[in-house]
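Single-letter residue listing:
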Amino acid sequence: YQNGKGVEKDEKKRLYHLVEAAIGGHPGARFQLAGYEGKNSRFDRMVKHFIIAANLGHDDSIQMLKRCYKHGLVSKDDFAAALRGHHA
């Protein structure tokens, strides 16, 4: 639904399926939801999605959390907890 390949492009369906996958534990879906929230200036929700994805072992989410930390969007404690969860 994101690119419209094989089906009509539909942002609502794309988000629905991303949320369903994220709830089901798919870290890549969490990462994509974080990007969506960031584009819509909902940075608190973006950071939460990155933290959850990092705790599920998603490497790119840790990299994004590093950037968020540098910009003051995530606390030192939350970043440290995400790192511990990622390495667990």
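Preceding block: the structure.
Since the model is a prediction, treat every value here as computed from it, not as a measurement.

Draft legend 1. Structural context of the packing of aromatic side chains. Inspection of every chain in the model, using the stated rule, returns two aromatic pairs. On the numbers, 5.6 Å between centres and 50° between planes, the contact of Phe31 with Phe50 is tilted. Of this pair, Phe31 sits in helix α2 (residues 27-39) while Phe50 sits in helix α3 (residues 43-55), and the two are 19 residues apart along the sequence. Judged by its relative accessible area of 24%, Phe31 falls in the partly exposed class.

Draft legend 2. Spotlight on the nonpolar core. Counting residues in each nonpolar core, the largest one holds twelve residues, listed as Ala34, Met46, Val47, Phe50, Ile51, Ala54, Ile62, Leu65, Cys68, Val74, Phe79 and Ala82. For this core, the secondary structure elements donating two or more residues are α3, α4 (59-70) and α5 (76-87). Take this core: its biggest share by element is five residues, from α3. For Cys68, the contacting residues outside a window of four places in its chain are Met46, Val47, Phe50, Leu73 and Val74. Formed by five residues, the second largest nonpolar core is a distinct cluster that contains Leu15, Leu18, Ala29 and Leu33.

Draft legend 3. The arrangement of the packing of α4 against α5 in detail. It is at 11 Å that the axes of α4 and α5 come closest, and there the two elements cross at 165°. Taken together, the axes of α4 and α5 are roughly antiparallel relative to one another. At the point where α4 passes α5, the crossing takes the left-handed sense. Of the residues in α5, those touching α4 at Asp59, Ile62, Leu65, Lys66 and Tyr69 are Lys76, Phe79, Ala82, Leu83 and His86. A breakdown of the residues in the contact of α4 with α5 according to their chemical character gives six nonpolar, one polar and three charged.

Criteria and thresholds
Residues numbered from 1 in each chain as written. Predicted model: local features only at pLDDT ≥ 70, side-chain atom pairs only at ≥ 80, totals over all residues. Heavy atoms only, no water. Phe/Tyr/Trp six-rings, centres within 6.5 Å; stacked < 30°, edge-to-face > 60°. Helix = DSSP H or I, 4+ residues; strand = E, 2+ residues; numbered from the N terminus. Buried < 20%, exposed > 50% of the residue type's maximum accessible area, 1.4 Å probe, protein only. Core = buried A, V, L, I, M, F, W, Y, C linked by side-chain atoms within 4.5 Å. Contact = heavy atoms within 4.5 Å. Axes fitted to C-alpha atoms, helices over the stretch in contact; angles between N-to-C directions. Parallel < 35°, antiparallel > 145°, perpendicular 65-115°, else oblique. Left-handed = near helix turned anticlockwise from the far one by under 90°. Nonpolar A, V, L, I, M, F, W, Y, C, P; charged D, E, K, R; others polar.

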